[in-house]
Every structure is written in C-alpha cells, then in structure tokens.
There are 2 protein chains.
Amino acid sequence: MFEAPYLLFLGEAPDGLTAKMAQGIYDWRPESVAGQFRMEGCKADLGIKDLTIKDAVAAGVKTLVVGVVNRGGIISESWKSVLIEALEAGMDIACGLHNLLRDEPDLAKAAADNGRTLYDVRIPTVKYPVANGKKRTGKRCLAVGTDCSVGKMYTALAMDREMKKRGLRSTFRATGQTGILIEGSGVPLDAVVADFMAGAVEWLTPDNDADHWDMIEGQGSLFHASYSGVTMALVHGGQPDALILCHEPTRKHMRGLPDYQQPSLEDLRDVALRLAQVVNPACKVAAISINTQHMDEASALKYLEEVEKRMGIPTVDPFRQGAARLVEALV
Amino acid sequence: MFEAPYLLFLGEAPDGLTAKMAQGIYDWRPESVAGQFRMEGCKADLGIKDLTIKDAVAAGVKTLVVGVVNRGGIISESWKSVLIEALEAGMDIACGLHNLLRDEPDLAKAAADNGRTLYDVRIPTVKYPVANGKKRTGKRCLAVGTDCSVGKMYTALAMDREMKKRGLRSTFRATGQTGILIEGSGVPLDAVVADFMAGAVEWLTPDNDADHWDMIEGQGSLFHASYSGVTMALVHGGQPDALILCHEPTRKHMRGLPDYQQPSLEDLRDVALRLAQVVNPACKVAAISINTQHMDEASALKYLEEVEKRMGIPTVDPFRQGAARLVEALV
C-alpha cells in the first residue's frame, strides 16, 4: 500500500504512550524507518535520528507516517504546516486516526496539487469480493484469542520475524490499523461491510508457494459478543492450516463486557478448531501464546508450564521467551 | 420504517417469479396491501385489486412498494412516470433493488419537492452501536441453517403468524431486504459495517415484556465460508433463548460453494448451541424446520419422522404442516 522508508511523525506527543504506534512500527520494522519528526514540546522519543523534512527527502523517505494518537483521534491543526511541507516535498502520508486526512481540505488540496497520496488506513480502499471458499495453495497461520487484545498481533509479528530469521518464507498479514501501519498494507477488517469480510481475508491471503506461510493478524474473539462476527470471517476467510491460541490469564472479565468471563483454553481450542475445519479439515491447533505481562517472572513460568502440561502443546510467552517454539510447532 | 397500507408495484414483470417480492409481501401481510399496480404488458398477477395511483390515494395508501426484481436490479426508466406520480400524490416509495431510488435524480427531486421519503431497504440508515452484550428482557428465537436459503425467513414468519393466531405476543425481526419489505422495518445486516453487526442485531431486538418473543430472521450459516461472520453476529447479538435448526435435505453442496457439503443437523446443533450459550447460557435448541419442497409427500413425511426420532426434538416442514409444533416447542 504505502512505501518505505518512513519518517515517523510524533507531533507534540506528551509522553511515550501517545506515540505507541510509532514505537510499534520502529520495533517491528526498524529497517523501514529513516528517522523521527518531533515538534516543539514533544516528549516522546524513539531514540532514533531527528530529521527535518529536507533531511528526510535527502534520506529518500517516501512516506510520512502519523505515529501518534491524540484524544479523540483527530488531526491537530498544529500538525498541518509539517504535513503540508511533507506533501510539497514529495512524500505521501499514512495515518490510522479516526478522523481522516482526506477530510481535511488543506491536506487534500496539497496532496492533489503535488500528486501525492493520503493513506487513511482505517478505511477500506479495495472493492473486496464475496468469499468463494476455494482451497488456496501455501500455508496460513491464524492467531485466535480467548478475548480481544490478548496479544494476537504481537504473536503473529513475532512468529513472522522468527520465520524470516530462520530463512523460512513468511508474510505478516495485517487486519487492523496498527498492523497495517507496521506492514504498510493490509485490510482494516472491522470497517469492511459484512457481506465482504471473509472475501477481504481471502483477498489478503491469496495463493502462494507451497512452503510460504501467511501469519494472519487475528481480531476480536469467537467468544466476544461485540466482535465475534469479525473473528468468524477470519477463521473462514483465512483458511488456516494452524491456529495459535492466545490468552491473557489475569483478565477479570472480557474486554469491555463486565458481565462476561473469558472461555477456557479448552473451549477456545474446541470451538475454533471445529469452525476452522469447515474450510480446512487438515487444520491443527499448533501452540499457545500467553501474554504474561501482568505476572512476575516466576508465576509466569510456572503458569506456562502448567498450561503446556494440561493442553499438551507448546505454550510460551513470545515477549518473554521469543517465538522459536511457536514456529517449531508449525514446521 | 415505512407505513402501510401499500400499493404493490409489479412494473412490466414478464412472469410471476419476477414479482416474487410482491408475492411474499402479500402472502405474509395481506392486511397491509391495498392493491397492485401493473404496467402495460405485465404478466404477473397477485389476484388482487388493480389500483391506479388515484385509486390508491383514495384507499389511503401510504407507500408504493417496488415488488419486482429485474435483471441487474436496476430501476427501469419506464417505471419513472408511475413512481413520480405516486410521489406527487403523497406516497413514499420503498425498494429493495441493488440500484437505489435515491441515486435517480428525477426521483430524488420529486421526493424532495413533495416532502416524501425514498426507502432503499438494502442500505442501513441507522448509526448502529457496538454490541454491549447486556442481558435483555423478553424472549428471542433465532432460525439457524445448515446452509444459506434453506427456509430460515419462512420459518420465522410462519412461527410469528402462528404465535399471533394463538394470541401470543410475537414480532418478526427482519434482517434482509425481503424480510424488511414484508415487515416494513428491520436491519439489512449484510450491508452493515463489521464492527457494528452484533450491535445492529441488539438494536433490532431490544428489551421487551417477559412474555414477548422476537422471531429473528436468520442469515447465512455458521458453516458457510462466505457469510458465517454475519450469522455469528446474529447468534451473539440476538441473544437467543431458542434456536430452530433449518435444513434442506436435497442440496448437493453448499449454496454457491461447489466444494463444500452441508454439515449434519447434529453438527449444526452442537456448534450453534455452544456459541449461543456464550451470550445466553439458558439457550436451547427447540425444534427443527425442514424445507422438503423438492421431495414428494411420502418421502418428506418419512424423512421428517426419521429426523425427529434421531434428534429427539419436534421436526416439521412448516410449509406442509404449519408451524404449530414449532411454536409449541417454544412455549
């Protein structure tokens, strides 16, 4: 979709958390990042080169990526002079905020005048087909969760990186705005019209060589009353050969749903596998990825060991332990 | 959404099948229909009064409903003079075609000039919320199928009619364009953006009195690779107390998917019930509705008896046998 190298725009971010999209892009795709742009008063710092727009042009930057989230997801007026300077200097702009670049008349005009493109990654730009369910070549791995936001994107990215490190063939397939900003392409699945969700996932994960793996970013959960339909479309459109179960063991209730408890890993395994086998009878549950960020090291390791013994498949926290065993479970 | 009584517009339909939407409306809501309007050369005939626009006004008609489907789903130029006359005479127009009334400048102008409304029922007009999963009062019944187009809408309509005949409280909740044209309101679920599907179903089936049943029109199938995400949103947004399993036993493969077989009724029961119990642990599979239109009477009755014995719950074809036993299974 949009091209590297990137200039990561941090605006006037008051702290590092506000610039977490930029941080995610730099963590996962450092080779795509030429530098950062911080406005006066910016308190976030990725610890990389500060570039002016002129410097960025000299460094061959193709896209300025808005890597900052502000309250309300709006495009700040104070950013405009920088964004317009970037467009005039020949860069495209990519942004994942709720408010759209294209809806700002001055940005739209500057882009048109300079023949540049504004990438609002929350908005589908492709006319996706209805899914046809046809068996595709190549392999696909899908992360499914007991809940939303339990580490599905992190797991897919960590596995993709580990695959490449081993010289194996893999592509991260982004399905949400952060993933799309990291990868530079993908499908903003939660914004796709119902009839075309599974077709969008098929489009995202097309026929490929027999030894190539798509690492598909999961969304929602089959057990989450608000978003399960999106997850279902991923399971059927993604045609997975392998599922990775993702879980965060300290949640008190489902995210955003105080009356709902997370399912057990056994429940997730049984339901997700049954549904995945509708489109791929050979699908297997390969491994378990646990997000133990809210546990101390000793409790985390003990928990991982217990789950692995109980479930009988490799169980790791890829943040603490790396994704090696997850990848070994696939291949 | 739009108001009865209706004038059913059949245009120049070359045969009865082309006017099947009008037929459906008249079959299920005869009390809402004042008459039909047939243009010169129309070969379809519902066997009801032919009304001119003037007659229709005199009969108190509020809405002209386009009850004809032509190739490509377009609004024929030859219809325009009638539709404009209707708008000028004070009627609204409702239409379920792919091409939209509102995109025809002459219709849009006539509607605006006369203060009338054009209802394109395929297009959502409400800003639906994200689902919150909160337990709602009242009862809900959802028809789920082994495949698409196996009789889910018919089943819900037949059960709604039977409930009312018995003096029980029931509302048909439409989720597709034909259902919406029949009921005059509903949610065109396949056109809703992914994140809001389950919320749209919650919106459609709100809190109600304890003895009131919503008969929710099903869509797609949990086992249909193209549309399962839509079905999933119905199961979780609909919060059903009862599921009716729908099946068409003579299908050679899943509709539109030559490589896929229908699941067994046992598979449908187990998967749909497990998922429905995420939002309503008290949900039960109440009965089975079989579409035996492609079987002769003797084979049909034999098949129904066998399935009932095997599955242990009431099994009927509501078209042949009525919906009495389906309703009795609920209450």
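None of the values given here were measured: they were computed from a predicted structure.

A few words on the pattern of salt bridges. Residues and elements named next belong to chain B. Taken as a whole, this structure holds 54 salt bridges over all chains when the rule is applied. When the shortest N-O distance is used, the salt bridge between aspartate 45 and arginine 38 registers 3.7 Å. Aspartate 45 sits in the partly exposed class, given a relative accessible area of 46%. Judged by relative accessible area, which is 30%, arginine 38 ranks as partly exposed. Here glutamate 248 ties to arginine 251 by a salt bridge, and the two come within 3.9 Å at their closest N and O atoms. For glutamate 248, a relative accessible area of 5% corresponds to the buried category.

Before going further, it helps to examine the interface of chain A and chain B. Contacts between the two partners involve 36 residues from chain A and, on the opposite side, 36 residues from chain B. At the boundary of chain A with chain B, total buried surface from both sides reaches about 2800 Å², with 59% on carbon and sulfur atoms. For the pair chain A and chain B, the number of links is 2 salt bridges. Put simply, chain A and chain B have 12 residue pairs in polar contact (both at pLDDT 80 or more) between them. Secondary structure elements with two or more residues in the side of chain A that touches chain B: helix H7 (197-204), helix H8 (228-238) and helix H9 (265-279) of chain A. Looking at the side of chain A that touches chain B, its residues break down into 22 nonpolar, 8 polar and 6 charged.

For the rest of this paragraph, the subject is the sheet that holds strand E4 (residues 92-95) of chain B. Residue and element names in this part refer to chain B. Ordered in space as E2-E1-E3-E4-E5, the 5 strands form an open sheet in which the pairing is parallel. Either end of the sheet is taken by a strand with one partner, and the two such strands are strand E2 (33-38) and strand E5 (118-120). In this sheet, neighbouring strand axes are inclined to one another by 20° on average, regardless of whether the strands run parallel or antiparallel. Looking at chain direction, strand E3 (residues 63-66) and E4 are connected through 3 bridges and run parallel. Residue pairing in the sheet places leucine 64 in a bridge with isoleucine 93 of E4.

Let's shift gears to the UniProt feature "domain: D-glutamate N-acetyltransferase-like N-terminal" (unreviewed entry) in chain A. As recorded in UniProt, the feature "domain: D-glutamate N-acetyltransferase-like N-terminal" (unreviewed entry) lies at residues 39-124 of chain A. The distance from the first to the last C-alpha atom of residues 39-124 of chain A is 30 Å, and the span holds 29% helix and 13% strand.

A separate point is the side chain of aspartate 147 of chain B. All names here are of chain B. Turning to its location among the elements, aspartate 147 is positioned in the loop between strand E6 (139-145) and helix H5 (152-165). A polar side-chain atom of aspartate 147 sits 2.8 Å from a polar atom in the side chain of arginine 251. Excluding residues that lie within four positions of it along the chain, aspartate 147 makes contacts with Lys152, Gly220, Ser221, His224, Arg251, His253, Met254, Arg255 and Gln262.

This next bit is on the packing of aromatic side chains. Counted by the stated rule, this structure contains 14 aromatic pairs over all chains. Taking the centre distance of 5.6 Å and the plane angle of 50° together, the rings of phenylalanine 2 of chain A and tyrosine 6 of chain A count as tilted. Taking relative accessible area as the criterion, phenylalanine 2 of chain A reaches 6% and is therefore assigned buried. For the pair phenylalanine 2 of chain B and tyrosine 119 of chain B, a centre-to-centre distance of 5.7 Å together with 45° between the ring planes defines the contact as tilted. With phenylalanine 2 of chain B in the segment before strand E1 (6-11) and tyrosine 119 of chain B in strand E5, this residue pair connects regions lying 117 residues apart in the sequence. Accessibility assignment for this pair places phenylalanine 2 of chain B and tyrosine 119 of chain B in one class, buried.

About the criteria used
- Residues numbered from 1 in each chain as written.
- Chains lettered and ligands numbered in written order.
- Predicted model: local features only at pLDDT ≥ 70, side-chain atom pairs only at ≥ 80, totals over all residues.
- Heavy atoms only, no water.
- Salt bridge = Lys/Arg side-chain N within 4 Å of Asp/Glu carboxyl O.
- Buried < 20%, exposed > 50% of the residue type's maximum accessible area, 1.4 Å probe, protein only.
- Contact = heavy atoms within 4.5 Å.
- Buried area = accessible area lost by both parts, 1.4 Å probe.
- Polar contact = N/O pair within 3.5 Å; in protein donor to acceptor, adjacent residues only side chain to side chain.
- Helix = DSSP H or I, 4+ residues; strand = E, 2+ residues; numbered from the N terminus.
- Nonpolar A, V, L, I, M, F, W, Y, C, P; charged D, E, K, R; others polar.
- Pairing = 2+ DSSP bridges.
- Axes fitted to C-alpha atoms, helices over the stretch in contact; angles between N-to-C directions.
- UniProt positions renumbered as here; feature names shortened; annotations may be inferred.
- Phe/Tyr/Trp six-rings, centres within 6.5 Å; stacked < 30°, edge-to-face > 60°.

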